[in-house]
Amino acid sequence: MRAVRYHEHGGPNVLQVDDIDRPEPDDDELLVAVRAAAVNPVDTYFREGSYSPGDLPWIPGSDFAGEVEAVGDDIEEFEAGDRVFGTGLGNDRPGTCAEYATTPTDTVAHLPNGVGFEEGAAVALVGVTAWRALIDHGDLEPAETCLVHGGSGGVGHVAVQLAAATGARVTTTASEDYHDRLEAVGANTVLDYRREDLAEAVEEAGKPDVILDHRLDDYLQFDADVAATGARIVGIGNEDVAAGFENVPAARSKELTITLMSMYNTPDISAVLARLARLVADGEVVPEIARTYSLDEVDEAQRDVLEESFLGKLVVEP
Ligand SMILES: NC(=O)c1ccc[n+]([C@@H]2O[C@H](COP(=O)([O-])OP(=O)(O)OC[C@H]3O[C@@H](n4cnc5c(N)ncnc54)[C@H](OP(=O)(O)O)[C@@H]3O)[C@@H](O)[C@H]2O)c1
């Protein structure tokens, strides 16, 4: 099969397409013919070697959607021909930028017939992240106010829609080009993150009860300053490795809960994927596909995911 691999850590130029043997599923695994894989910033961290997954050469890619080609002997809930989607690969097991991938079943769900493979791959990792942040850690409830930083991003655009689907009031930040689309999919207030008066504008929209923060080094103090008393702040990312408060008492007086999380720790990923599949099938969550790439273009896709501005997800079609 054709698979994107890197044989050494480094920039996007270490990615190449190799012809390798198709993997065989173990008794507790599925072999999936990958129809779509999504690109995430974490793929670039693994490639650079900042957290090293398995031994090189390595196949990047966490998300996939496709058709079950073969099932391990112990598996009952899936059969050959099933349409499925999943995430969590490319970390401690080979990834999804390939014609085939093997996966355990606890990170996979059935893909409803009306949902395309691109949408399935696009929503998987970012959808589980948004769910874990807003629902599991944030305990977001109807009529609460939710602030999603970076609402046009992969995580952000699903988080906005998931928060709206719960009945929360949603404030989000994004570049100007994406404001109309984010309002159309459920944001009540969309603000340019470059505004000088961003804190005042967020508070005017309603002090947030739950905040999803993907740039903790930029926004941790900001979050504490704008948050409602008793707010839950969930941190998923950072640009600089260091982040902290400039004014601890201001944060302390609000009895804030701060959770730092990794999607990979989500206890029952398939259950979350099954719920996301229902929301996508019902049109409550619309995964946006900004661009598609071939296997030969994964280097470009990994460059774009960090350097380009887009709404939604970049998707690879093997
Ligand atoms: N902990 C976890 O489990 C987990 C899971 C998924 C992702 N993450 C991390 O979360 C971060 C976001 O992931 P992603 O997949 O959503 O990335 P993404 O698709 O690249 O989105 C990033 C978004 O951030 C926006 N942005 C850039 N500068 C900003 C600023 N100063 N303030 C507010 N927004 C800004 C970008 O908008 P413009 O392009 O218009 O500037 C873009 O929409 C990454 O660091 C990723 O590694 C962590």
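Everything here concerns the structure above.
On a predicted model such as this, the values are computed, not experimentally measured, just so you know.

Draft legend 1. Spotlight on the pattern of salt bridges. What the rule picks out here adds up to 15 salt bridges. The shortest N-O distance in the salt bridge between Glu-67 and Arg-35 comes to 2.8 Å. Of this pair, Glu-67 sits in strand 4 (residues 64-71) while Arg-35 is found in strand 3 (residues 29-39), placing the two residues 32 residues apart along the sequence. Look at Glu-67 and you get partly exposed, because its relative accessible area is 26%. For Arg-35, a relative accessible area of 38% puts it in the partly exposed group. When salt bridges with common partners are traced through the structure, they connect Arg-215, Asp-218 and Glu-239 into a single cluster.

Draft legend 2. Structural context of the pairing of strand 15 (residues 313-316). With burial as the criterion, each face of strand 15 is covered, one bearing Lys-313 and Val-315 and the other bearing Leu-314 and Val-316. Across 3 bridges, strand 3 lies against strand 15 in antiparallel orientation. Bridge assignment links Ala-38 to a residue of strand 15, and that residue is Val-315. The sheet contact formed by strand 14 (residues 289-293) and strand 15 spans 4 bridges and is parallel. Across the sheet, residue Thr-292 finds its bridge partner in strand 15, namely Val-315.

Draft legend 3. How the structure looks around the nonpolar core. Core analysis: the largest hydrophobic core is formed by 80 residues, its most contacted members being Phe-85, Leu-134, Leu-182, Leu-273 and Val-316. The leading source of residues in this core is helix 2 (residues 117-137), at 12 residues. When residues no more than four places from it in sequence are discounted, the contact partners of Leu-273 are Phe-85, Gly-86, Thr-87, Thr-107, Val-108, Ala-109, Ala-124 and Val-128.

Draft legend 4. Up close: the packing of helix 1 (residues 41-48) against helix 9 (residues 298-307). Two elements in contact, helix 1 and helix 9, have axes separated by 9 Å at closest approach and are oriented at 115°. Of the possible angle classes, the one that applies to helix 1 and helix 9 is roughly perpendicular. Regarding helix 1 and helix 9, the two cross each other, and that crossing is left-handed. Counting all contacts with helix 1, which are made through Pro-41, Asp-43, Thr-44 and Arg-47, the residues of helix 9 involved are Gln-302, Val-305 and Leu-306. For the contact of helix 1 with helix 9, the class distribution of residues is 3 nonpolar, 2 polar and 2 charged.

Draft legend 5. Quick peek at the sheet that holds strand 9 (residues 169-173). Taken in spatial order, the 6 strands line up as 10-9-8-11-12-13 in an open sheet, and their pairing is parallel. The open sheet is flanked by strand 10 (189-191) and strand 13 (257-260), the only strands paired with a single partner. Strand-to-strand, the axes of this sheet are offset by a mean angle of 15°, without reference to chain direction. Pairing between strand 8 (residues 145-148) and strand 11 (residues 210-213): 3 bridges, direction parallel. Across the sheet, residue Val-148 finds its bridge partner in strand 11, namely Leu-212. On the sheet, helix 6 (residues 216-226) packs against strand 8, strand 11, strand 12 (232-235) and strand 13 and is oriented at approximately 170° with respect to strand 11.

Thresholds applied
In this convention, every chain numbers its residues from 1, walking through the sequence in written order. Given that the model is predicted, a residue must reach a pLDDT of at least 70 before its local features are reported, and side-chain atom pairs must reach 80 or more before they are shown or counted; all residues, however, enter totals for whole chains, interfaces and linings. Values reported for side chains reflect all heavy atoms of the structure, with hydrogen atoms and water molecules removed beforehand. Note on definitions: salt bridges are taken to be side-chain nitrogens of Lys or Arg within 4 Å of carboxyl oxygens of Asp or Glu. Numbering of helices and strands starts at the N terminus; helices are DSSP runs of H or I of at least 4 residues and strands are runs of E of at least 2. Partly exposed describes any residue whose relative accessible area lies between the buried limit of under 20% and the exposed limit of over 50%, with all areas from a 1.4 Å probe on protein chains only and scaled to the type maximum. When DSSP finds two or more bridges between a pair of strands, those strands are recorded as paired. Among the buried residues, those of types Ala, Val, Leu, Ile, Met, Phe, Trp, Tyr and Cys that are joined through side-chain atoms within 4.5 Å form a nonpolar core. The criterion used for residue contact is that any of the two residues' heavy atoms lie within 4.5 Å. What counts as an axis is a line fitted to C-alpha atoms, over the stretch in contact for a helix, and the angles between N-to-C directions run from 0 to 180 degrees. Angles are sorted into four bins: roughly parallel if under 35 degrees, roughly antiparallel if over 145, roughly perpendicular if 65 to 115, and oblique for all others. Less than a right angle of anticlockwise turn of the near helix away from the far helix marks a crossing as left-handed, whereas a clockwise turn marks it as right-handed. In this classification, the charged set is Asp, Glu, Lys and Arg, the nonpolar set is Ala, Val, Leu, Ile, Met, Phe, Trp, Tyr, Cys and Pro, and all remaining amino acids, among them Gly, are polar.

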